[in-house]
Amino acid sequence: MGTSDLKLLSTPSSPFALRVKIALNIKGLDYDNIVETMNPKSDLLLQSNPVYKKIPVLIHGDKSISESAIIVEYIDEVWKNNGTPILPSNAYDRAIARFWVAYIDDKWYNSSKNLLVAQNDESKKACFEQVEEVLLRLEDVLNKYSEGKDFFGGENIGFLDICFGSYLSWLRVTEKVIGKKVLDETKTPALVKWAEAFVAHPAVKGNLPETDKLLVFAKSLVQRMVAAATPK
Amino acid sequence: MTTNQEEVKLLGATGSPFVCRVQIALKLKEIEYKFVEENLVNKSELLLKYNPIYKKVPVFVHNDKPIIESLVILEYIDEIWKQNPILPSDPYQRSLARFWSKFIDDKIVLASSKSVFTIDEKEREKHIEESTEALQILENELKGKFFGGEEINFVDIAAVFIAFWIPLVQDIADLQLFTDEKFPKLYNWSQEFLNHPVVKQNLPPRDPLFAFFKARYDGLLAASK
């Protein structure tokens, strides 16, 4: 089956690496998880992702694949007969899933990052509103596509579940940092239920970073980002 | 191969590189479609209905179902209409095609536009440096006549921005961002690509587009004084 030649370059805190781990788990694939320190970046990382020099990178035999969403699609295509399908079978539904993944990697990523580093009350409020807007949209999407089942993908976790769900640990950390609920059952009840189902899913459980450790990491990251953005 | 024209619609704007990508793909596969020219200053109700989130073109509508984001549209078109494929069938080759198209969108499109349409000298230099670096990476990646080998593929189509739009806007600012001296392989590729029979027919008229961008550039200069 060739699964002994699978390596994943990752870090424990990366939501993008988490996406790949979940996809590999869904397909029941064994892999060698190589934890990168990123400082310095390993030769293997530099060779396998010379363009971006970032994780995650999936190394399959002599092939290297980078960019988490692209890696997940690759896994789904190569091991299409394993486990459950990640991308929908219908072309239109696939286009919708790809669109929403691109949307969250743009809108969720940027708005939640801004919220995490916001320093004054005014910008915190503005960032919070932006994050809320994204969540309200996703609540609609979930209600529309889940067809009453647990996930965006319906009965099984799919592309959008994996890609958005992998941000959940960081969402929890953000809530701790700002001292306020971001995922709120009074505003987005379906998403709250979805989050619970997602983290309990066998392909996800046990792969999530510990919130306390992630909080420490996040705080130091925020400090560095704020320092870098501050004019000297 | 011919479909009921009413079933396939493309909401676009002449002059948009993202709309152009979709037009090239549709022509390559000989798909008949209805083109709806959108006024981006005065957006139509149809556009706002189909793309409420971004309110942008292109919007591809197939049997009344809208799809947005040019690269997502290209993949959809390739999956529905299998003649003249633009994506390879091998999963690894597909992942590479997706990677390079995303690279063009993330690293080249914005940086190169900002290399022209930025007033602050320091900011502009930064964008020029970024674009140059990214173009060099692409230059190194190009192995054959096209990114797709002997025939144009997904990456070539995504790169139409580089072939047609960058030379056009760099002329406005008298910038030498993309030249045959700096990027001989990529420049050669651009000439082959622009002369490809399908591509040639689907490029917007150069002069009005130049005038449009020049007006924007002049406006930017004036506003900074």
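Keep in mind that this is a model prediction, so the values were computed, not measured.

## So, the overall build of chain A
Then, number 1: Regarding its fold elements, chain A presents 9 helices and 4 strands.
Then, number 2: Each helix and strand of chain A, placed in order from N terminus to C terminus, yields the pattern β-α-β-α-β-β-α-α-α-α-α-α-α.
Then, number 3: Rg of the C-alpha trace for chain A: 18 Å, near the compact-globule value of 17 Å for 232 residues, within the 12% margin.
Then, number 4: The C-alpha extent of chain A, read off along each of the three principal axes, is 55 × 45 × 30 Å.
Then, number 5: Of all 232 residues assigned to chain A, the portion counted as buried reaches 50%.

## Notes on the packing of aromatic side chains
Then, number 1: Inspection of every chain in the model, using the stated rule, returns 28 aromatic pairs over all chains.
Then, number 2: Between Tyr 92 of chain A and Tyr 76 of chain B, the ring centres sit 6.4 Å apart and the planes meet at 85°, which makes this aromatic pair edge-to-face. On the criterion of chain membership, the pair formed by Tyr 92 of chain A in helix α4 (residues 91–117) and Tyr 76 of chain B in helix α3 (residues 70–80) is interchain, its members lying in two chains. In this pair, the class of Tyr 92 of chain A matches that of Tyr 76 of chain B, namely buried.
Then, number 3: Measuring from ring centre to ring centre gives 5.0 Å for Phe 99 of chain A and Trp 100 of chain A, while their planes differ by 75°; the resulting arrangement is edge-to-face.
Then, number 4: With relative accessibility at 6%, the residue Phe 99 of chain A sits in the buried group.
Then, number 5: Through a chain of ring-to-ring contacts, the aromatic side chains of Trp 108, Phe 152, Phe 164, Trp 194 and Phe 198 of chain A assemble into a single cluster.

## Section: the environment of Glu 139 of chain B
Residues and elements named next belong to chain B.
Then, number 1: With respect to the helices, strands and loops of the structure, Glu 139 is situated in helix α5 (residues 121–141).
Then, number 2: With a relative accessible area of 5%, Glu 139 lands in the buried category.
Then, number 3: When the C-alpha positions of Glu 139 and Leu 175 are compared, they lie 19 Å apart, and in sequence the two are 36 residues distant.
Then, number 4: Look past the residues within four positions of Glu 139 in its chain and what remains in contact with it is Phe 183, Pro 184, Lys 185 and Leu 186.
Then, number 5: Of note is the side chain of Glu 139, whose polar atom sits 2.9 Å from the backbone nitrogen of Lys 185.

## Regarding the UniProt feature "domain: GST C-terminal" (unreviewed entry) in chain A
Then, number 1: UniProt marks residues 90–222 of chain A with the feature "domain: GST C-terminal" (unreviewed entry), using the numbering shown here.
Then, number 2: The span residues 90–222 of chain A shows a helical share of 71% and a strand share of 0%, and its end C-alpha atoms are spaced 41 Å apart.

## Some remarks on the layout of surface pockets
Then, number 1: Approximately 900 Å³ is the volume found for the second largest pocket.
Then, number 2: Forming the boundary of the second largest pocket are 37 residues, of which Asp 76, Leu 87, Pro 88, Ser 89 and Arg 94 of chain A lie nearest the centre.
Then, number 3: At the level of elements, α3 (68–78), α4, α5 (121–145) and α6 (159–165) of chain A together with α3 and α4 (91–116) of chain B are the ones that each hand at least two residues to the lining of the second largest pocket.
Then, number 4: The residue makeup of the lining of the second largest pocket, split by class, is 16 nonpolar, 6 polar and 15 charged.

## Some thoughts on the nonpolar core
Then, number 1: Grouped together as the largest cluster of nonpolar side chains are 145 residues, with contacts concentrated most on Trp 108, Phe 164 and Trp 194 of chain A together with Phe 60, Ile 162 and Trp 189 of chain B.
Then, number 2: Among the elements that make up this core, the one with the highest residue count is α4 of chain A (12 residues).
Then, number 3: Leaving out residues up to four positions away in the same chain, Trp 189 of chain B has contacts with Leu 142, Lys 145, Phe 146, Phe 147, Asp 156, Ala 159, Ile 162 and Ala 163 of chain B.
Then, number 4: Of all hydrophobic cores here, the second largest spans 8 residues; its members include Leu 116, Trp 170, Val 173 and Val 222 of chain A.

About the cut-offs
Residues numbered from 1 in each chain as written. Chains lettered and ligands numbered in written order. Predicted model: local features only at pLDDT ≥ 70, side-chain atom pairs only at ≥ 80, totals over all residues. Heavy atoms only, no water. Helix = DSSP H or I, 4+ residues; strand = E, 2+ residues; numbered from the N terminus. Rg over C-alpha atoms; globule rule 2.2 N^0.38 Å. Buried < 20%, exposed > 50% of the residue type's maximum accessible area, 1.4 Å probe, protein only. Phe/Tyr/Trp six-rings, centres within 6.5 Å; stacked < 30°, edge-to-face > 60°. Contact = heavy atoms within 4.5 Å. Polar contact = N/O pair within 3.5 Å; in protein donor to acceptor, adjacent residues only side chain to side chain. UniProt positions renumbered as here; feature names shortened; annotations may be inferred. 1 Å grid on protein atoms, 1.4 Å probe; cavity = no way out; pocket = protein on both sides within 12 Å on 5 of 7 lines; lining within 4 Å. Points joined across faces, edges and corners; volume = space filled by probe spheres on them. Nonpolar A, V, L, I, M, F, W, Y, C, P; charged D, E, K, R; others polar. Core = buried A, V, L, I, M, F, W, Y, C linked by side-chain atoms within 4.5 Å.

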